[in-house]
Amino acid sequence: MDGVTTRILEVPTRAADACPAGSVRQKLEFRSGNEAAALAARDIGYHVMGYFPTPPSTEVAENLSKLQAEGQHQIVMIAGDGAHGAAGICYGAALGGGRVLSATSAQGLLYALEQLPVQAGTRVPMVLNIAARTVSGPLDIRGDHSDIYYVLNTGWIMLCARDPQAVYDLNFAAVKIGEHPDVRLPVIVAYDGFFTSHQKRRIQVFDDPEAIRSFLGERPPFPSPLDTEHPATFGPCMNDSDLINNKVQLSQAMEAARRVIPEVFVELERMTARAYPVLDAYRMDDAAVATVLLNSAAETAKEAADDLRAQGERVGVLSPNVLRPFPVDEFRRTLRHVKAVTIGDRADSYGAGGGNLSLEVRAAIQIDPENDTRVLSRIYGLGGKDFLATDAEQFFALALTVAQTGVVAEPFAYHGATPGTPDSRPRSGLPPIPAALLSRGMAHVRRDEASGRLEVELEPLWKMTQVPSRIAPGHGACPGCGAFPTLHQVYNVLEGDVVVLFQTGCAMAVTTGYPATAHRINYIHNLFQNGAATLSGLVEMYHERVRRGELPAAKDITFVMITGDGGMDIGMGPAIGAANRNHRMMILEYDNQGSMNSGAQLSYSTPFGHRTSTSEVGASLPGKRYHHKDTAQIFAACHLPYVFTASEGYPEDLMRKVAKAQWYAKNEGLVYGKILSFCPLNWQTADDAAQPVLQAAIDSCFFPLYEVERGHTTITYDPGATDRRHFVSDWLKLMGKTRHLLSPENAEIVAGIQAETDRRWARLKAMHEHPLL
Ligand SMILES: Cc1ncc(C[n+]2csc(CCOP(=O)(O)OP(=O)(O)O)c2C)c(N)n1
Ligand code: SF4
Ligand SMILES: [Mg+2]
């Protein structure tokens, strides 16, 4: 696999010979790239981190949460409502004059993208770690460079780290480069998702806080809105002639970075004895052919180069340690004597005949009169596809042939794509299922003319087993996962044609591993910040095509969006947008109290004090530090025809509400349902503990069951009325994620959870009893 090498590689340096031993005390650790980024953040002592979990970079925040729980740092860690929000948090914090950090990948980076030119354009330094990953769609969580290539035009400096050691080192360099008064730009440290972010290597970390302090110095006092003695306007409206001048300054700052970066690298090298030339050139001195690769694949290519050198071929490897500013002169100089080069890109710039690295190397050498290097551009390793030494050998072989013949027969191609065969078919599974088989009349909905509300009669539960499942077994969820009982209960009572849209999350990820699908009805995925908008577009197209007679009205399709609670953080805006427009559709949120699919990070629905991977528990941190979001009330405030809460632990209550929801979604407009759903893996319970745990959450009134029908609130299950009401501690003691709360030193936290639960319940009861609410 690329990124893995057992050999000690020769590190070509300029200044290393002058200072073979570093001047700073260091210690050896065994760390992955994400861990290295977190350790660097701890050692730098940032003021603020704004983040939103996006694998594979998520571990940076997770590791920092662990370190914080152990009392190892005091960075203020703020979970954004999405990567866009996180980028906004970082921008505001960085304007405030302290040091700021973030980490993201792929969709997160693209979601934040709009914020990046704002920050560069107003010249506000910070550091962003990117564990590079494939951009959706289709969704692929593994590594390539399609995300970082989007950032190349934003005005951020980009340092590239080929291994965990470089991740650690370049984070320090990033702070110093970005804060240099001639530069004053935000800086990215980009490393390969999974290949570097997750693979552990031996690395040296600083064991000398004083040396770090003196290397970094104080953050220079750039203008800040917190300086109230000197009021200023940050980000004025700026048209044409001024705007172009602003961009000239940004371009000049990038040019200044060309000078500053090597200076900082030399200073870093003096401390560590590790060299980072702007362009890493391996065995290039007399190379006749070369390959150019970014990040971890370059390490693999070095192994192949060694083997070919042993066979007498004069080959070398080039890999930029800095992608912005692009090392134009270094490429020109190094390639002058090279006859042919294969440039590999782990992302395509579709239609341009190569990826960005390839295009920029070509541009750099094209205007160099001394350069006659022939170039082959190859796209490789997309979606995390391995790049092995044999692949590198093929790259060298291509270049060697061109060097011998002088002819570039195929300037651009994909490397490693596998052509399909016309007769290959997806694996067989349960067939799609027509609506006729699903219309089984399990719920009978009647409108009470006097009250205007709906009444539902359900068929007995045993009959529900006769309804063929819209979702097939064979998904990849954890044993005991509550998302599937929830879906089955929902699907049992829905009648007729249903089109579902799943937002990103566990229920989506475990049901659609290409080429298989567990969905037997029409299913769409969109990114979880935008599902509601997408479904609303589909709903309106449906009704318009019915109106035009292009689709049969008789089908009467029901449109349902399935989302997790994390999806209702990042996707809140579009969901409220759809609610305000009141489209005829349902949004059903299965709330498992965290962003589980990305590794159990906190969501705003995670309750106070609960342990997640970004609200760790330790001597200095008692779990999440603010109360859970009351999503149902937010949607009730949108004056929807129907809002409800439910749980798979109370199936009849849930199914009655879903039947009502279908009626309202067909006849009146948008319905929102929040459904408490069991996650044994991350709640740290036995797989079969759903019933007692959900029951306790409901009986403690932490998760009340109620509905808001045409503006009227009705509690559908009152534990107090049947003497079943418990304290929240009776619920908290059932889960591993909350057990720490029961220790005496956390008594105040539990009292706080109880008080907030009582307050919300009392408010709900008052609404239930009030004739207008
Ligand atoms: C813009 C963007 N940011 C982050 C992610 C990473 N991500 C994928 S699934 C997920 C968690 C979803 O949480 P939730 O909606 O609660 O569903 P669950 O996984 O808990 O079922 C996250 C953070 C992403 N795919 N896109
Ligand atoms: S992590 Fe939780 S929500 Fe995700 S599949 Fe496993 S049990 Fe289900
Ligand atoms: Mg969730």
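In every chain, residue numbers begin from 1 and rise along the written sequence. Written order decides the labels, with chains lettered from A and ligands numbered from 1. Per-residue local features of the predicted model are confined to residues with pLDDT of at least 70, and side-chain atom pairs are confined, for both listing and counting, to 80 or more; whole-chain, interface and lining totals are unaffected and use all residues. The side-chain figures draw on all heavy atoms in the structure; neither hydrogens nor water molecules are used.

1. Here we look at the overall build of the protein
Logical step 1: What counts as a helix is a DSSP run of H or I of at least four residues, what counts as a strand is a run of E of at least two, and both are numbered from the N terminus. Regarding its fold elements, the protein presents 25 helices and 27 strands.
Logical step 2: The reference for a compact globule is 2.2 Å times residues^0.38; the radius of gyration itself is calculated from the C-alpha atoms. At 29 Å, the protein has a C-alpha radius of gyration in line with the 28 Å of a compact globule built from 773 residues.
Logical step 3: Working rule for contacts: check all heavy atoms of both residues, and any pair within 4.5 Å makes them a contact. Pairs at least 24 residues apart make up 78% of the contacts formed inside the protein by residues separated by at least 6 positions.
Logical step 4: All accessible areas in this document rest on Shrake-Rupley with a 1.4 Å probe, and a residue is counted as covered only by the protein chains that are shown. In the structure as shown, the protein presents an accessible area of about 31,300 Å², 54% of it carried by carbon and sulfur atoms.

2. Topic: the packing of helix H1 (residues 33-44) against helix H2 (residues 58-69)
A packed helix pair is summarised by two numbers, namely the angle formed by the two axes and the spacing between the axes.
Logical step 1: Angles here are taken between N-to-C directions and fall from 0 to 180 degrees, while the axes themselves are lines fitted to C-alpha atoms, restricted in helices to the stretch in contact. Between H1 and H2, the least distance of the axes is 8 Å, while the angle of their chain directions is 50 degrees. Put simply, H1 runs oblique to H2. When the axes of H1 and H2 are compared, the crossing they make is right-handed. Residues Asn34, Glu35, Ala37, Ala38, Leu39, Ala41 and Arg42 of H1 pack against Glu59, Val60, Asn63, Leu64 and Leu67 of H2. Here the angle decides the label: under 35 degrees means roughly parallel, over 145 means roughly antiparallel, 65 to 115 means roughly perpendicular, and every other value means oblique. By definition, any crossing whose near helix is turned counterclockwise from its far helix by less than a right angle is left-handed, and any crossing with a clockwise turn is right-handed.

3. Structural notes on the site of ligand 2
Logical step 1: Surveying the vicinity of ligand 2 reveals the residues Ala477, Cys478, Cys481, Cys506, Asn592, Cys679, Pro680, Leu681 and Asn682.
Logical step 2: Per-element accounting of the shell around ligand 2 gives the leading share, three residues, to helix H22 (residues 680-683).
Logical step 3: In the scheme used here, Gly and all other residues not listed as nonpolar or charged are polar, with Ala, Val, Leu, Ile, Met, Phe, Trp, Tyr, Cys and Pro taken as nonpolar and Asp, Glu, Lys and Arg as charged. Residues that form the shell around ligand 2 fall into these classes: seven nonpolar, two polar and no charged. If a single non-hydrogen atom of a residue is within 4 Å of a molecule or strand, that residue counts as near it.

4. Section: the pattern of salt bridges
Logical step 1: A pairing counts as a salt bridge when a side-chain nitrogen of Lys or Arg comes within 4 Å of a carboxyl oxygen of Asp or Glu. Applying the stated criterion to the full structure yields 47 salt bridges.
Logical step 2: Close ionic contact of Glu668 with Arg447 constitutes a salt bridge, the shortest N to O distance being 3.3 Å. Here Glu668, found in the loop between helix H21 (651-667) and strand E25 (671-676), pairs with Arg447, found in strand E16 (residues 443-447); they are 221 residues apart in sequence, far enough to count as distant.
Logical step 3: Whether a residue is buried, partly exposed or exposed follows from its accessible area with a 1.4 Å probe, protein chains only, as a fraction of its type maximum: under 20%, in between, or over 50%, in that order. The partly exposed category is assigned to Glu668, whose relative accessible area is 25%.
Logical step 4: The salt bridge involving Lys463 is made with Glu459; its shortest N-O contact spans 2.9 Å.

5. Here we look at the coordination of the magnesium ion (ligand 3)
Logical step 1: Bound to the magnesium ion (ligand 3) on the protein side are Asp565 (OD), Asn592 (OD1) and Gly594 (O), at distances that span 2.0 to 2.1 Å.
Logical step 2: Every donor residue of the magnesium ion (ligand 3) comes from the same chain, spaced as D-x26-N-x1-G. You can see Asp565 sitting in the loop between strand E20 (558-564) and helix H18 (567-570) and its partner Gly594 sitting in the loop between strand E21 (586-591) and strand E22 (617-618), a full 29 residues away along the chain. Donors, by definition, are the N, O and S atoms found within 2.8 Å of a metal, the threshold being 3.2 Å for Na, K and Ca, and water is not counted, so a site can look incomplete.

6. Here we look at the site of ligand 1
Logical step 1: Lining the immediate environment of ligand 1, one finds 23 residues, of which Gly566, Gly567, Tyr590, Gly594 and Asn597 sit closest.
Logical step 2: For ligand 1, an oxygen atom lies 2.6 Å from a polar atom in the backbone of Gly566.
Logical step 3: Out of a free accessible area of 590 Å², ligand 1 has 98% covered by protein chains.
Logical step 4: At the level of secondary structure, the elements contributing two or more residues to the shell around ligand 1 comprise helix H4 (106-112) and H18. The definition of a polar contact used here is a pair of N or O atoms within 3.5 Å, where within protein one atom must be able to donate a hydrogen and the other to accept one, and adjacent residues in sequence count solely through side-chain atom pairs.

7. Details of the environment of Leu359
Logical step 1: Note on placement: Leu359 falls in helix H12 (residues 356-366).
Logical step 2: On the accessibility criterion, Leu359 (25% relative accessible area) is partly exposed.
Logical step 3: As a C-alpha pair, Leu359 and Asn63 span 296 residues in sequence and 37 Å in three-dimensional space.
Logical step 4: Dropping the residues within four chain positions of it, Leu359 is found in contact with Ser349, Ala352, Gly353 and Gly354.

8. Focus on helix H9 (residues 240-272)
Logical step 1: Expected span, for any helix, means 1.5 Å times one less than how many residues it has. With 33 residues, H9 extends 46 Å between its outermost C-alpha atoms, agreeing within 8% with the 48 Å of an ideal straight helix rising 1.5 Å per residue.
Logical step 2: A maximum bend of about 30 degrees is found in H9 at Arg258, where proline Pro262 lies one to four positions downstream.
Logical step 3: Ala273, located one to two residues past H9, shows a positive phi value of around 65 degrees. The angle between axes fitted to the seven-residue stretch ending at a residue and the seven-residue stretch beginning at it gives the bend at that residue.

9. Overview of the pairing of strand E18 (residues 498-503)
Logical step 1: Most of E18 sits out of view: six of its six residues are buried.
Logical step 2: The alternating pattern of E18 places Val498, Val500 and Phe502 on one face and Val499, Leu501 and Gln503 on the opposite face, and all of these are buried.

10. Things to note about the nonpolar core
Logical step 1: Counting 110 residues, the largest nonpolar core has Met49, Leu64, Ile157, Leu159 and Phe172 as the members making the most contacts within it.
Logical step 2: Not counting chain neighbours up to four residues away, the residues in contact with Met49 comprise Val60, Ala61, Leu64, Ile75, Val76, Met77, Ile78, Leu101, Ser102 and Ala103.
Logical step 3: Core analysis: the second largest hydrophobic core is formed by 43 residues, Ile433, Leu438, Leu487 and Phe644 among them. Among buried residues, those of type Ala, Val, Leu, Ile, Met, Phe, Trp, Tyr and Cys that are joined through side-chain atoms within 4.5 Å constitute a nonpolar core.

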